[in-house]
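Structure assessment
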Amino acid sequence: MKTILLLLFFSLPVFSQSADDELINPKELIPDLVVDLRYTANDHYFLNLPNGDVKLPKFYTNNETLVILRAAKMLKTAQDSLRNIKSFNGNSYPEGIGLKIWDGYRPRSVQYLLFEIFPNPVYVADPNSGSMHNRGGAIDLTLIDLSTGEELEMPTEFDDFSDAAGLGYNDLPQNVINNREMLKSVMQYAGFLTYSAEWWHYNVPGANTYPLRDYQLK
Ligand SMILES: [Zn+2]
């Protein structure tokens, strides 16, 4: 009887699930991950809205991101693969390629403010149902040269809501397409899902099943 109870205790799946949705700083698992939260900047814009470019207020003050543990483990898989790429697209990357995070977990209160600026659910999730970012299961990111920190050339800037941000947009130089496709294939290899309207957005499968949060970033 004791053995059966013990077995039951150790096989309860709830333990691993609760750890997987814990918010953590992904740099704890990936020390060389570069984080540049654009919502801490004084000069970040939503680009190409119907009324033009709109400058965003500074939503966060601290350049420290959080994601759920499951996403952090997947980001580590991606970064571990990218670090081994020393040459690509005719360029050499002596220390490999890396990831640069523009946004991860986002408090739900910030989602209300973003939606007020651009209430188009293709690009900004309705805060009433919540964004996958509000659940810590989505990341906006790009690729960098790990030896210089320089971003690889991509189709658009972050938060440029034009057609060129779409994954299916190919009226671009071949090297730019190759960079976008490299990011996509390594993120898919790590288990992330793509978002067709934004080349920079990736999320864990089932991201909408994780709890909505309004934990404030410092
Ligand atoms: Zn996103």
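What this report covers is the structure whose coordinates are included nearby.

What counts, and at which threshold
- Residues numbered from 1 in each chain as written.
- Predicted model: local features only at pLDDT ≥ 70, side-chain atom pairs only at ≥ 80, totals over all residues.
- Heavy atoms only, no water.
- Salt bridge = Lys/Arg side-chain N within 4 Å of Asp/Glu carboxyl O.
- Helix = DSSP H or I, 4+ residues; strand = E, 2+ residues; numbered from the N terminus.
- Buried < 20%, exposed > 50% of the residue type's maximum accessible area, 1.4 Å probe, protein only.
- Donors = N, O, S within 2.8 Å, 3.2 Å for Na, K, Ca; no water.
- Pairing = 2+ DSSP bridges.

When the charged atoms of two side chains lie near each other, side chains of opposite charge can form a pair. This structure, assessed with the given rule, holds 12 salt bridges. The residue Arg 106 makes a salt bridge to Asp 140 at a minimum N-O spacing of 3.6 Å. Of this pair, Arg 106 sits in the loop between strand S8 (97-103) and helix H4 (108-117) while Asp 140 sits in strand S9 (residues 138-145), and the two are 34 residues apart along the sequence. Across the pair, Asp 140 and Arg 106 agree in class, each one buried. Bridged by salt links that share partners, the residues Asp 36, Arg 38, Asp 43, Lys 100 and Glu 151 form one connected network.

Let us now look at the coordination of the zinc ion. Summarising the metal site, the zinc ion is bound by the protein donors His 133 (NE2), Asp 140 (OD) and His 201 (ND1), whose distances to it range over 2.0 to 2.1 Å. Written as a sequence motif, the donor arrangement for the zinc ion is H-x6-D-x60-H.

Turning next to the pairing of S8. For a regular strand, side-chain orientation follows a simple rule: the groups alternate between the two sheet faces. Of all seven residues that make up S8, seven are buried, and the element is covered over most of its length. Sheet analysis places S8 next to S9, joined by six bridges and oriented antiparallel. Residue pairing across strands places Ile 101 opposite Leu 141, the latter belonging to S9.

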